[in-house]
Amino acid sequence: MKAGNISQTAWKRSVRRQLNSRREEALFTPSMEEPCTALRMADGGIVVTATADTSGNVPESADFAILKAVNDVASRGAEAIGVSVQLILPLSATEAQLKALAGSMDAVCMQAGIQLTCLKAETNPCVNQILTIATATGEAAGDSILRTEDAAAGQDILLCGHIALEGTLRILAEQEEELSRRFVPSFIRQLKEQKKELFAAKAIAAAGKAGAAAIHQIGSGGILAALWELAEASGIGMETELSKISIRQETVEICEFYNLNPYQMTSTGSFLITAKNGDAVVKALEGAGARAVRLGVATDGNARVITSGEEQRYLDRPAPDELMLWRERNCH
């Protein structure tokens, strides 16, 4: 198989057809588009969990798994309370690396206002990079949750955050020495400071209160994959404008340096949002300190149109994530 997410065809043919277990407490059924699990408890409350993974031999690599899981929980209208982490280490890992990982993860949890509730670590001869698996758990306020499938024709499609920032920061964490020879210190410093943008739970909560119908974090495959996932989950078409997509100059320059496509790069901390009144949600997001823009509108039918200047094209099926391809080229 190719690096990255399996294809939708393979998932439908070899995964979905095998899944027949059901419980009435489970509010979601497994899908390619849904990153969370939601369970209704006996007292009527809703518990939401999300799992994310990252790999890499620098301490910061584990942080991004925690942030993605926490943000996914927030995207369902829940507040994350704790996160459980499992580390699978190569035999070459050292105790000093383990200590740095634990300290970095705890610092991220403190910033996010959650507790690191469980941390397990083991070595495994089958891995050559540290693999982090993080599961965030939270509780939804009230008796309902947000769903990607609730996007509907006529709603505005919004982008919260800057695309590919996560991928850029992960490359910087692993290649700082090389990038420091290419870019001035102020460039590196400014990029590192942008990590705070990935703590998005507060902004997402503001969007939910302002009337967001659906919120979908941009993950593997980047914004182009996320647009496809939004359309697949809800059965909508869309008309979007490529030039309106927010991207930081630092991301552009690092992607050019490594010949990567930022529109197909993992983007934890940025979200697609649909709403009947997009202006109100944009205002709420900006009030929470987040960058927000209107990309376009959801439409009836299956046409998924992206406009770039005078050129129009249709959205393609998700391609492998650019960060994953970069790692495939650089981790052997």
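Before reading on, note that the structure itself is shown above.
Now for a description of the structure that goes with this document. Keep in mind it's a predicted model, so treat the numbers as computed, not measured.

The rules behind these values
- Residues numbered from 1 in each chain as written.
- Predicted model: local features only at pLDDT ≥ 70, side-chain atom pairs only at ≥ 80, totals over all residues.
- Heavy atoms only, no water.
- Core = buried A, V, L, I, M, F, W, Y, C linked by side-chain atoms within 4.5 Å.
- Buried < 20%, exposed > 50% of the residue type's maximum accessible area, 1.4 Å probe, protein only.
- Helix = DSSP H or I, 4+ residues; strand = E, 2+ residues; numbered from the N terminus.
- Contact = heavy atoms within 4.5 Å.
- Pairing = 2+ DSSP bridges.
- Axes fitted to C-alpha atoms, helices over the stretch in contact; angles between N-to-C directions.
- Right-handed = clockwise from strand over helix to strand, strands pointing away.
- Salt bridge = Lys/Arg side-chain N within 4 Å of Asp/Glu carboxyl O.

## As for the nonpolar core
Argument step 1. The biggest cluster of nonpolar side chains holds 74 residues, and the ones touching the most others in it are I66, V83, I171, I223 and L272.
Argument step 2. For this core, the element with the highest residue contribution is helix 2 (residues 60-75), accounting for 8 residues.
Argument step 3. Contact partners of I66, with chain neighbours within four places excluded, come to V83, V85, M105, V108, C109, I114 and A134.
Argument step 4. Grouped together as the second largest cluster of nonpolar side chains are 20 residues, A207, I215, V281 and A290 included.

## Some remarks on the sheet that holds strand 5 (residues 131-140)
Argument step 1. The strand order 1-2-5-3-4 describes an open sheet built from 5 strands, whose pairing is mixed. If you trace the sheet from one side to the other, it starts and ends with strand 1 (36-40) and strand 4 (115-123), each paired once. Adjacent strand axes in the sheet meet at a mean angle of 15 degrees when their direction is disregarded.

## Concerning the sheet that holds strand 7 (residues 212-217)
Argument step 1. Read across the sheet, 7 strands follow the order 7-9-6-10-8-11-12 without closing on themselves; strand pairing throughout is mixed. Pairing within the sheet leaves two strands with one partner each, and these edge strands are strand 7 and strand 12 (311-314). Shown here is a sheet whose adjacent strand axes are inclined to one another by a mean of 25 degrees, direction ignored.
Argument step 2. The pairing of strand 7 with strand 9 (residues 271-275) spans 5 bridges and is classified as antiparallel. Opposite A214, over in strand 9, you have T274 as the bridge partner.
Argument step 3. Across the sheet, helix 7 (residues 222-234) is in contact with strand 6 (156-160), strand 7, strand 8 (237-241), strand 9, strand 10 (292-299), strand 11 (304-308) and strand 12; its angle to strand 9 comes to roughly 35 degrees.
Argument step 4. Its contacts with the sheet put helix 9 (residues 278-287) on strand 6, strand 7, strand 9 and strand 10, and the angle it makes with strand 6 is roughly 10 degrees.

## With respect to the pairing of strand 3 (residues 78-89)
Argument step 1. As paired elements, strand 3 and strand 5 share 10 bridges and run antiparallel to each other. Paired with G82 across the bridge in strand 5 is T137.
Argument step 2. Pairing of strand 3 with strand 4, which is carried by 8 bridges, proceeds in the parallel orientation. Residue pairing in the sheet places L89 in a bridge with T123 of strand 4.
Argument step 3. Handedness of the crossover is the feature at issue here: the chain leaves strand 3, passes through helix 3 (residues 95-112), returns alongside strand 4, and the resulting connection is right-handed.

## With respect to the pattern of salt bridges
Argument step 1. Across all of its chains, the model carries 12 salt bridges by this definition.
Argument step 2. Across the pair E25 and R23 runs a salt bridge, and its minimum N-O distance is 2.9 Å.
Argument step 3. Through salt bridges with shared partners, one network takes in K12, E232 and R304.

Shape descriptors only; they carry no functional weight alone.
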